[in-house]
Amino acid sequence: MSINIPRGTQDILPGTIEKWQYIEQVAKELCEQYQYKEIRTPMFEHTELFERGVGDTTDIVQKEMYSFQDRGERSLTLRPEGTAGVVRSFVQHKMFGQANQPVKLYYNGPMFRYERPQAGRYRQFVQFGVEAIGSDDPSIDAEVISLAMELYKRLGLKELKLVLNSLGDTESRIAHKEALIAHFKPRINEFCSDCQTRLTKNPLRILDCKKDRDHELIANAPSLADYLNEESSAYFKKLQHYLSLMGIDYELDPNLVRGLDYYNHTAFEIMSSSEGFGAITTLCGGGRYNGLSEDLGGPSAPGIGFALSIERLLSALEAEKIELPITQSLDCYFVAMGDEAKDKVVQLTYQARQQGLRADMDTLNRKMKAQFKTADRLQAKYVAVLGDNELTEGSIVVKNMNEGTQESIKIEKLMAYLKQV
Ligand code: ATP
Ligand code: MG
């Protein structure tokens, strides 16, 4: 019996991988322009990092983590998201002491969550994300949001919706929390068991419950917007001011609560408003997490970031019918006729590659016609043909496949010729 891939994972094969590479390249260039540096943290961390860093009232920690005991009986977890690991690394390497502040980082790599697989929802998926740690000025919030928007725009997406909310500071949240408890408590038995636990631990998360989202008490729950203190309100207004200066449109949604526990002030999501998009329309989520560094044993260090998955980005491109400008043509395909010619072609193909050209040749000893067919399939710009006649003359025939012309060139001049055309 053959063995298949685990549920919720996928193989990304040649033909599709080019899209991933293209997106990764655009993201990398964008981060360079914005001065975000790449960080690579381990694929697994101590389970406790996520319990503390993501929060034990979240779906992620309660039911989505791939946790296991290693042979030393430590509990480890395949990372379900990137922020906790990045902030752990920030604290561990004392990046708060670096000359350049804030510390601006980006990552791009696989995340793991035990979810019910469906369109746009995988058990292994790739997140690209950024974190800016060390500033609590709303201009950095605007910068982070603009970076995410710019990535989508550069890839050609047009039907985007940016949704903003403010979760306020600790003081605002305590006031709101009390109002939420008073609101839900009398009828909490109508809610799922998770929400009943959330009521005391983190009632804000009830608003984000996927089971109880249609309950009437959710629609008329006390809105955070009414509980923001003056400072939080001013912060949120300033962010909106900066976004307006950049010409970035947004909508406000007082019920937007992010999936993770550690957010305060800014929370945002970017959605696809494309008609062709399925039920899950969120492409990107992010927000501010001023207490996380301290929660992980570091100094106070305010941070903001976002994460987006490449899988949902690809779905959005598909929904808007956008073709990425991917070219993968071959510079030269070498065709050999006869054993002696093959010797020479082995050498020439190697030389062409050393010269930085994209070159290929037949390795199945096929007939000339089949070799030409391959050259066509590989979209070779030039095909260089070597047979007995050419060998005795010390020359090679070079066909320009776009123009249908051909000329005979001295073998020793071939590399210079190919590089020039
Ligand atoms: P959702 O409500 O869809 O479960 P989330 O709140 O769990 O989202 P985040 O943890 O904020 O999502 O992750 C940020 C982004 O990563 C999401 O906006 C989405 O684009 C992507 N993402 C999250 N989970 C998955 C998954 N299982 N498969 C593919 N992409 C995902
Ligand atoms: Mg989720």
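Residues numbered from 1 in each chain as written. Chains lettered and ligands numbered in written order. Predicted model: local features only at pLDDT ≥ 70, side-chain atom pairs only at ≥ 80, totals over all residues. Heavy atoms only, no water.

### Re the overall build of the protein chain
This is how the line gets drawn: Strands are runs of DSSP state E lasting at least 2 residues, helices are runs of H or I lasting at least 4, and numbering of each runs from the N terminus. Note on method: radius of gyration uses C-alpha positions; expected globular size equals 2.2 Å times residues raised to 0.38. Note on exposure labels: buried denotes an accessible area under 20% of the residue type's maximum, exposed denotes more than 50%, and partly exposed covers the range between, all computed with a 1.4 Å probe on protein chains only. With residues, only the protein chains shown are counted as cover, and all accessible areas are computed by Shrake-Rupley using a 1.4 Å probe. Here the positive residues are Lys and Arg and the negative ones are Asp and Glu; neither His nor the chain ends is included. Think of each charge as sitting on NZ of Lys, CZ of Arg, CG of Asp or CD of Glu.
A count of helices and strands for the protein chain gives 15 helices and 16 strands. Over its C-alpha trace the protein chain gives a radius of gyration of 28 Å, far above what one expects of a compact globule, namely 22 Å for 421 residues. By the burial criterion, 51% of the 421 residues in the protein chain qualify as buried. In the structure as shown, the protein chain presents an accessible area of about 21800 Å², 47% of it carried by carbon and sulfur atoms. One finds the centroid of the 51 positive side-chain charges in the protein chain at a distance of 4 Å from the centroid of its 60 negative side-chain charges.

### Re the nonpolar core
Here is the rule we go by: In these notes, a set of buried Ala, Val, Leu, Ile, Met, Phe, Trp, Tyr and Cys residues joined through side-chain atoms within 4.5 Å is what counts as a nonpolar core.
Judged by nonpolar contacts, the single largest core of 94 residues is most densely connected at Y36, F128, F184 and F306. Membership of the second largest hydrophobic core comes to 21 residues, among which are A341, L357, L386 and L414.

### Brief notes about the packing of aromatic side chains
Going by this rule: Here is the rule: rings of Phe, Tyr and Trp (six-membered ring for Trp) pair when centre to centre is within 6.5 Å. Planes less than 30 degrees apart are stacked, more than 60 are edge-to-face, and the remainder are tilted. Put simply, a charge is over a ring when the Lys NZ or the Arg CZ is close to the ring centre, within 6 Å, and near the line of the ring normal, within 35 degrees.
By the definition in use, this model includes six aromatic pairs. Between F90 and F96, the ring centres sit 5.9 Å apart and the planes meet at 65°, which makes this aromatic pair edge-to-face. Since its relative accessible area comes to 34%, F96 is described here as partly exposed. By way of ring pairs, the aromatic residues Y106, F128 and F306 are connected into one cluster. A cation sits over an aromatic face here: R123 above Y114, 4.0 Å from the ring centre.

### Structural notes on the sheet that holds strand β12 (residues 330–336)
So the rule is basically this: Whether two strands pair comes down to DSSP finding at least two bridges between them. The axes used here are C-alpha line fits, helices contributing only the stretch in contact, and every angle between their N-to-C directions lies in the interval 0 to 180 degrees.
Overall, mixed pairing links the five strands, which are arranged β13-β12-β14-β15-β16 in an open sheet. The strands lining the two open edges of the sheet, one partner per strand, are β13 (359–361) and β16 (405–410). Taken pair by pair, the neighbouring strands of this sheet meet at an average axis angle of 25°, ignoring direction. In the sheet, β12 pairs with strand β14 (residues 380–386) via six bridges, with the strands oriented parallel.

### A look at the domain arrangement of the protein chain
For the record, the criterion: How far each domain reaches was decided by an automatic or database domain assignment.
Split into domains, the protein chain comes out as domain 1 (17–169 + 229–319) and domain 2 (330–420). Using only C-alpha atoms to locate each centre, domain 1 and domain 2 end up separated by 49 Å.

### What to know about the site of ligand 1
Under the convention used in this document: Summary of the distance rule: residues count as near a molecule or strand when at least one heavy atom falls within 4 Å of that molecule or strand. Residues adjacent in sequence count toward polar contacts only when both atoms are side-chain atoms; beyond that, a polar contact is any pair of N or O atoms within 3.5 Å, and within protein one must be able to donate a hydrogen and the other to accept it.
Among the 17 residues in the neighbourhood of ligand 1, the closest are listed as R113, E115, R121, R258 and L283. Here a nitrogen atom of ligand 1 and a backbone polar atom of G120 are 3.5 Å apart. Contact distances for ligand 1 include 2.9 Å between a nitrogen atom and a side-chain N or O atom of S309. Bound to the protein, ligand 1 loses 90% of the 590 Å² it would expose on its own. Elements with a minimum of two residues in the shell around ligand 1: β6 (124–133), β10 (282–288) and β11 (303–309).

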